[in-house]
Amino acid sequence: MCGVEITTWYLEQDDPALLRPAGQPATPVTITRAELPSPELNRYLYTAVGGDWFWSDRLPWTWQQWQDFLDRPGVETWVASVRGTPAGYAELDGHSPGEVDIAYFGLLPCFAGQGIGGHLLTVALRHAWTLPERHPGLPPVRRVTVNTCSLDGPAALANYQARGMRIHRTETKPAATQPQTPGPWPGAERP
């Protein structure tokens with residue numbers, strides 16, 4: 001299809017006081033840090049959450065590439081669960097000095113629209129600002145970043161902005177090809 005453009009919004013928060021917390025969701029949610037790096041867990045979350053939103057850059061990663069990434073100081077995975085079932089996650093990456101990127105964030109499709117995303121983002125931002133407390137040797141956080149694009153979930157940009165993140169750069173580029181989602185079930189349709 002000709003004329004398909006993708007807009008990417010780069011957002012930041014440069015002061016933890018700018019965080020505007022979301023309310024508690026009606027559904028009780030537990031958010032826990034996955035303290036043991038697990039390529040299997042992170043790949044599952046990546047495909048289950050991002051399969052419908054064009055997340056494909058990590059699909060070719062080997063087990064060792066996942067392990068190497070997760071072993072880096074300042075990388076954390078926070079998993080939201082409802083009654084023991086994973087509902088979504090936030091992956092924090094503090095590899096740039098003084099900066100934490102919310103590298104991946106989202107919900108499994110069946111948990112969207114329940115207020116869980118705002119709550120999870122609130123918790124993720126709080127943990128991003130306190131990352132050096134859990135990783136001695138990292139410098140204080142001066143900025144938390146995230147990016148989203150027009151191919152992401154329809155509530156993504158609004159959620160980031162509602163939590164006090166601001167757009168600092170916008171990019172619009174033509175898509176190289178007609179975007180197609182990889183889906184969470186490679187090789188098969190979801191029922």
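Data block above holds the structure.
The model shown is predicted, which means the values in this text are computed figures rather than measured ones.

Observations regarding the nonpolar core
Counting residues in hydrophobic clusters, the biggest one holds 41 residues, and the most contacted among them are Ile-102, Val-144 and Tyr-160. Listing elements by their share of this core, those giving two or more residues are helix H1 (39-50), strand S3 (75-82), strand S4 (85-93), strand S5 (99-107), helix H3 (116-129), strand S6 (143-149) and helix H5 (156-162). For this core, the element with the highest residue contribution is H3, accounting for 8 residues. Not counting the four nearest positions on each side in its chain, Val-144 is found in contact with Leu-11, Glu-12, Gln-13, Val-100, Ile-102, Leu-125, Ala-128, Trp-129 and Met-165.

So, helix H2 (residues 63-70)
Of all the positions in H2, only Trp-66, Gln-67, Phe-69 and Leu-70 are classed as buried. An end-on view of H2 places all buried positions within 165 degrees of arc, on one side of the element. Against the buried residues of H2 lie H1, S3 and S4.

A look at the sheet that holds strand S1 (residues 5-13)
The strands that make up a sheet pair up through hydrogen bonds in the backbone, lying either parallel or antiparallel. Here 7 strands make up an open sheet; going across it, the order is S2-S3-S4-S5-S6-S1-S7 and the pairing mixed. The two strands at the open ends of the sheet, each matched to only one other strand, are strand S2 (30-33) and strand S7 (166-174). Strand-to-strand twist of the sheet, defined as the mean angle between neighbouring strand axes without regard to direction, takes the value 25 degrees. Across 3 bridges, S5 lies against S6 in parallel orientation. Directly across from Asp-101, in S6, lies its bridge partner Thr-145. Here H3 sits on the sheet and contacts S1, S2, S3, S4, S5 and S6; the angle it forms with S5, its principal contact strand, is near 160 degrees.

Concerning unusual backbone geometry
At Phe-54, a residue that is not glycine, the phi angle is positive and equals roughly 70 degrees. When you line up the elements, Phe-54 lands in the loop between H1 and H2.

Brief notes about the packing of aromatic side chains
By the definition in use, this model includes 7 aromatic pairs. Ring centres 5.8 Å apart and planes at 55 degrees place the aromatic pair Trp-61 and Phe-69 in the tilted group. Judged by relative accessible area, which is 25%, Trp-61 ranks as partly exposed. Judged by relative accessible area, which is 7%, Phe-69 ranks as buried. Taken together, the aromatic side chains of Tyr-46, Trp-55, Trp-61, Trp-66, Phe-69 and Tyr-104 make up a single cluster linked through ring pairs. The ring of Phe-69 has Arg-58 sitting right over it, with the charged end atom 4.5 Å from the ring centre.

Rules of the game
Residues numbered from 1 in each chain as written. Predicted model: local features only at pLDDT ≥ 70, side-chain atom pairs only at ≥ 80, totals over all residues. Heavy atoms only, no water. Core = buried A, V, L, I, M, F, W, Y, C linked by side-chain atoms within 4.5 Å. Buried < 20%, exposed > 50% of the residue type's maximum accessible area, 1.4 Å probe, protein only. Helix = DSSP H or I, 4+ residues; strand = E, 2+ residues; numbered from the N terminus. Contact = heavy atoms within 4.5 Å. Arc of directions from axis to C-beta. Pairing = 2+ DSSP bridges. Axes fitted to C-alpha atoms, helices over the stretch in contact; angles between N-to-C directions. Phe/Tyr/Trp six-rings, centres within 6.5 Å; stacked < 30°, edge-to-face > 60°. Lys NZ or Arg CZ within 6 Å of the ring centre and 35° of its normal.

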